[in-house]
2 protein chains.
Amino acid sequence: MKLGAMQDWPLRLMRLVDHAEREHGGREIVTAWADGSITRTNWREVAANARRMASALAAVGLRKGDRVATLAMNHASHLTAWYGACGMGGVLHTINPRLFAEQLVYIANHAEDRILFYDRAFTPLVNALKDKWNTIEHYVCFEDEFDSFLGTGEPAFQWVEGDERDPCGLCYTSGTTGNPKGVLYEHRSTILHAMAEVAPDVFDLSARSVVLPIVPMFHANAWGVPWAAPLTGCKLVLSADYRPAQMCDLFRDEKVTHSAGVPTIWLGMIEHIEKTGADLGSLKSVTIGGSAAPRAMIKWFRDRGINVGHAWGMTETSPIGSLGAPPAEWDSMSDAEQMDYTARQGRVPFGIEMRIVDDGGVELPRDGVASGRLQVRGPWVVKRYFKEDQDAAANDNWFDTGDVAALHPDGTMQITDRAKDVIKSGGEWISSIELENCAVGCPGVAEAAAIGIPHPKWDERPLLLVVRSDGANVDEASVRSHLARHIAKWWQPDAIEFVNELPHTATGKLSKKTLREQFKDFRFADAEAMVGRD
Amino acid sequence: MKLGAMQDWPLRLMRLVDHAEREHGGREIVTAWADGSITRTNWREVAANARRMASALAAVGLRKGDRVATLAMNHASHLTAWYGACGMGGVLHTINPRLFAEQLVYIANHAEDRILFYDRAFTPLVNALKDKWNTIEHYVCFEDEFDSFLGTGEPAFQWVEGDERDPCGLCYTSGTTGNPKGVLYEHRSTILHAMAEVAPDVFDLSARSVVLPIVPMFHANAWGVPWAAPLTGCKLVLSADYRPAQMCDLFRDEKVTHSAGVPTIWLGMIEHIEKTGADLGSLKSVTIGGSAAPRAMIKWFRDRGINVGHAWGMTETSPIGSLGAPPAEWDSMSDAEQMDYTARQGRVPFGIEMRIVDDGGVELPRDGVASGRLQVRGPWVVKRYFKEDQDAAANDNWFDTGDVAALHPDGTMQITDRAKDVIKSGGEWISSIELENCAVGCPGVAEAAAIGIPHPKWDERPLLLVVRSDGANVDEASVRSHLARHIAKWWQPDAIEFVNELPHTATGKLSKKTLREQFKDFRFADAEAMVGRD
């Protein structure tokens, strides 16, 4: 028997909106729509409407644990639907409309979604897939039917209670092979993530902050910002589209202090600003994640007095895994040291543990030199994907991220490659990304790709594919001599091929998968001879 | 069966020190000793020593759940002992050496402490009480025996694991009546409190912060700072004594950015600074709590560009219940509005719910006018005191704080009285504190106390006791006319008595208990007549 106790207070998601309604009820939630119009609501209204929605969901027969899908951009009705779905005890399934049709069919059926809330803009998509979605019973268009759907609900509805380990969200990741996998977020994991996220060394959110996430709500819950906002009472600004001109107006008009997005978004914003002389208003902090932030981008923000938090994460980590808030020594670091620090992918908040391991699973030193498979664990890291019969993190909870990274003595993590792209040469790893970045630094090289080719002695050796810049006639010797100045001798590619173009994925990334397919029969001409030479 | 899951990662306290050791291993922990010397350690050493201590505790026969007591001021060995006690699975019992001897005997016996770690300065106390402490088997003096005790332990000791709801700490509150009651902190409650505490709107702690809590580690765990420090990697500065001159040197030399303490401490510091021209170095944020911060004190800090967070809490709330971080509207508020805001006791972080109720338990409006019994609930609020057989918070978890407060529409809370001191007049409440503060504003009044006296019609009416300033000859008419300008007519005391002195408690507070005893037979001379007059 317990001799005494602190209170039972399950970490249930709806406590976030209860808190915001009570303590920050009038705090604005702004939506900028694709047509340029602006609408405003607040937590008091969102809470009341979420109750109506939860009640309306129950009225059409949805029950605790049922999946409620959304196919929508960022706006306040979408936000209301999130809280309404979870308030009914449902599992919010945010569908990424950019997936291929077959993936959209697969995930809605796999999730067994019972109801879908969608933006009018996605009506053609919905109409095209309706017949193939086997479990969706109700369709609610946000613009046309959401208000009347809410109208059928009771504003006095009581949130469905339950265990803090109950699921509350579902988000699919589209891997490069096989079907998408669903990460089933829990009430507890989401609350702990939100509590960690507002800390000064993560997103640094307070009641005075004005936050504009330029990340879709269907991408790992817009990096958790819509859960962190009610916790702090910050002003939340949502934008249904990301055109740089509109975004700059929004930053200025709404006095945005904090924003977050992928490098591609920021590139577009920076180009627009450089061209038009627009500015970012009151912005003081940007979080950049999703893929590595180029140094020039980090410098651009720093030059304007804007703090850069370089982040790493994935759907499987809710998504914050690490973030590059300034370390203790920041003020005594030189500009170059600060740049180097920020160019890495940050350090873990309390709640995330990180390690790197070699192919045999042996932990490697945190010396900034060793590079290995990045593994993480913590209360907001996936244990088992939805409906899988095996744990994704079976080995003492260590989840293998598929990234290859180095851990530095100062605690920062540096992604060096994707595990499937790394070139394994004689038991050592060559980073394809570093090789490519180095080659692109050679005058006359427009783009480069490095892939591993089987080798009789070294298992794999690098093949470098180079696209020349327009009008350039750079040759192999020039590339080799450039590389020699920047990389270790054993990283030199065993062959360099000049090609007219390289294959890319739909999101503009190099398609290593296609390249490996194209070059699957490639062999180094003098592989045996080279063995002798080494 | 679960369809998917996030990871199991119990919120166990030792994860804090694991995190700090791994991510902020070299971050300094500074101790300023009473003799003026300074010693330095860091999380790597504290973690290693905590393992040794946990192992040594196990070696002398302590087991999970056993109570490990400390009787010590703030220093790094005390900190090590905290983590060592919890790492062994023990319950850290921090004893307040300022308690009366009989209370010290009671609590150590009630806690069934098995081992005591104490400062050499408390040796006379230990020697005097040893015979009366029935359960303490081992005594370890920090200065003389701690190092050798650690020496018997293994630095490779594995923390004792368990449920996150296991107890990890025990702290007794000395109520004004009856025996002290023990609050039994849990691993989970302590972690959630620490996560909430570092947020920008609470203590605002980052890896760059340098924190000096001027609160004893035996007072509600120094307001949780020693748990929050390893979470963020801030530098922790501990001081074994609080003499203002030494403290000012410490602020300057260690570049302290954040501090926390009760008004009495800050009064001493301010006096010293005003007298000597010393300064507070890099200090940018102070948290003031324990009792209400005078407006002049708040202004003093504000005038120096130092942010003031006015906090409220108690041992039963771990202790942070509310803190006055700037609201969304801060920048558009006038200086007077900001002062008024800061003079109240702040707003709740996510995790604390607050309400005020009347004597019948009916919730009162949050209108800034209604005043009622302050009740709180949340994951770091006590449910049941140690070894009690009834819950302290039985009514839907609402814990009655014993304070009387108003809740303002902006979410801030304002303490108006202690519930036992409030004067209940005809169903309405008169704040004894406000009456006293008002009377003290009358020229010639040095000190004042208001207590309720039974009244045939109104249940209670105020009796005001006044101590004149040296040489002053203020009379009843002057006091009444002063009061009339500031308070409602029905708050006017029914009698004013001039006395030579007022009774105080050991900590310098007015002893209302003694006063009520002294005046228990007092009756208003014209009580019946006054009934007619009203």
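Each remark here, short or long, concerns the structure printed above.
The structure contained in this document is the topic of the report that follows. A quick note: this is a predicted structure, and the numbers were derived from the prediction, not measured.

With that settled, consider the pairing of strand 24 (residues 459-468) of chain A. The side chains of a regular strand alternate between both faces of the sheet. Residue and element names in this part refer to chain A. For strand 24, a buried count of seven out of ten residues is recorded, marking the element as mostly surrounded by other parts of the structure. The pairing of strand 23 (residues 445-455) with strand 24 spans ten bridges and is antiparallel. Its bridge partner being in strand 24, Ile453 is matched across the sheet by Arg461. Summarising the sheet, strand 24 and strand 25 (residues 495-499) pair through five bridges and their orientation is parallel. Each residue of the ladder has a partner; that of Leu465, found in strand 25, is Glu497. Handedness of the crossover joining strand 24 and strand 25 through helix 15 (residues 476-486): right-handed.

It is worth spelling out the sheet that holds strand 8 (residues 167-173) of chain B at this point. Residues and elements named next belong to chain B. Here we have six strands laid out as an open sheet, ordered 7-6-4-5-8-9, and mixed in their pairing. Edge positions in the sheet fall to strand 7 (138-141) and strand 9 (181-186), since each of these pairs with one other strand and no more. Ignoring which end each strand starts from, the neighbouring axes of this sheet average 20 degrees apart. In this structure, strand 6 (residues 115-118) lies alongside strand 7, joined through four bridges in parallel fashion. When the bridges of strand 7 are listed, Tyr118 appears paired with Cys141. The strands touched by helix 3 (residues 76-87) within the sheet are strand 4 (67-71), strand 5 (91-94) and strand 8, with strand 5 carrying the most contacts at an inclination of about 145 degrees.

The next thing to look at is the pairing of strand 12 (residues 258-261) of chain B. Residues and elements named next belong to chain B. The side-chain alternation of strand 12 yields two buried faces, one formed by His258 and Ala260 and the other by Ser259 and Gly261. Summarising the sheet, strand 12 and strand 13 (residues 285-288) pair through four bridges and their orientation is parallel. Bridge pairing in strand 13 links His258 to Ser285. With helix 11 (residues 263-276) bridging strand 12 and the parallel strand 13, this β-α-β connection has right-handed handedness.

Here the focus is the relation of the copies chain A and chain B. The transform that puts chain A on chain B rotates by 180 degrees and translates by 0.0 Å along the axis, for an RMSD of 0.2 Å. Such a combination of rotation and displacement between the chain copies is what one expects of a two-fold axis. Residue Ala199(A) of chain A places its C-alpha closer to the rotation axis than any other residue of that unit, at 2.4 Å. Here 100% of the interface residues in chain A have copies in chain B that are interface residues too; the copies meet face to matching face.

This next bit is on the interface of chain A and chain B. Every contact between the two is made by 73 residues of chain A and, on the other side, 73 residues of chain B. Around 5900 Å² of area is buried between chain A and chain B when both sides are counted, 55% of it from carbon and sulfur atoms. It is Met6(A), Gln7(A) and Phe350(A) in chain A that bury the most area against chain B; as a group they hold 18% of the surface buried on that side. One can count 14 salt bridges joining chain A with chain B. Two residues, Glu164(A) and Arg188(B), come together in a salt bridge whose shortest N-O distance is 2.8 Å. Put simply, chain A and chain B have 38 residue pairs in polar contact (both at pLDDT 80 or more) between them. In terms of residues, the side of chain A that touches chain B owes the most to one element, helix 7 (residues 187-197) of chain A, which gives six residues. Taken together, the residues that form the side of chain A that touches chain B break down as 37 nonpolar, twelve polar and 24 charged.

The step from Ser318(A) to Pro319(A) runs through a cis peptide bond, and the omega angle for that step is 5 degrees. Here Pro319(A) shows up in the loop between strand 14 (307-313) and strand 15 (320-323). Positive phi is not limited to glycine here, since Glu112(B) has a value of about 55 degrees. With respect to the element layout, Glu112(B) can be found in the loop between helix 4 (101-111) and strand 6. Backbone geometry at Asn221(B) places phi at a positive 55 degrees, although glycine is not the residue there. Classification of Asn221(B) by relative accessible area gives buried; the value is 6%.

Attention now goes to the environment of Val91(B). Residues and elements named next belong to chain B. Relative to the elements of secondary structure, Val91 occurs in strand 5. Classification of Val91 as buried rests on a relative accessible area of 1%. Between the C-alpha atoms of Val91 and Ala220, which are 129 residues apart in sequence, the distance is 14 Å. Those residues in contact with Val91 that lie beyond four places of it in its chain are Gly65, Asp66, Arg67, Val68, Pro167, Cys168, Gly169, Leu170 and Leu184.

What counts, and at which threshold
Residues numbered from 1 in each chain as written. Chains lettered and ligands numbered in written order. Predicted model: local features only at pLDDT ≥ 70, side-chain atom pairs only at ≥ 80, totals over all residues. Heavy atoms only, no water. Buried < 20%, exposed > 50% of the residue type's maximum accessible area, 1.4 Å probe, protein only. Helix = DSSP H or I, 4+ residues; strand = E, 2+ residues; numbered from the N terminus. Pairing = 2+ DSSP bridges. Right-handed = clockwise from strand over helix to strand, strands pointing away. Axes fitted to C-alpha atoms, helices over the stretch in contact; angles between N-to-C directions. Contact = heavy atoms within 4.5 Å. Least-squares fit on C-alpha atoms with pLDDT ≥ 70 in both. Buried area = accessible area lost by both parts, 1.4 Å probe. Salt bridge = Lys/Arg side-chain N within 4 Å of Asp/Glu carboxyl O. Polar contact = N/O pair within 3.5 Å; in protein donor to acceptor, adjacent residues only side chain to side chain. Nonpolar A, V, L, I, M, F, W, Y, C, P; charged D, E, K, R; others polar.

Take it as geometry only, folks, not as evidence of what the structure does.
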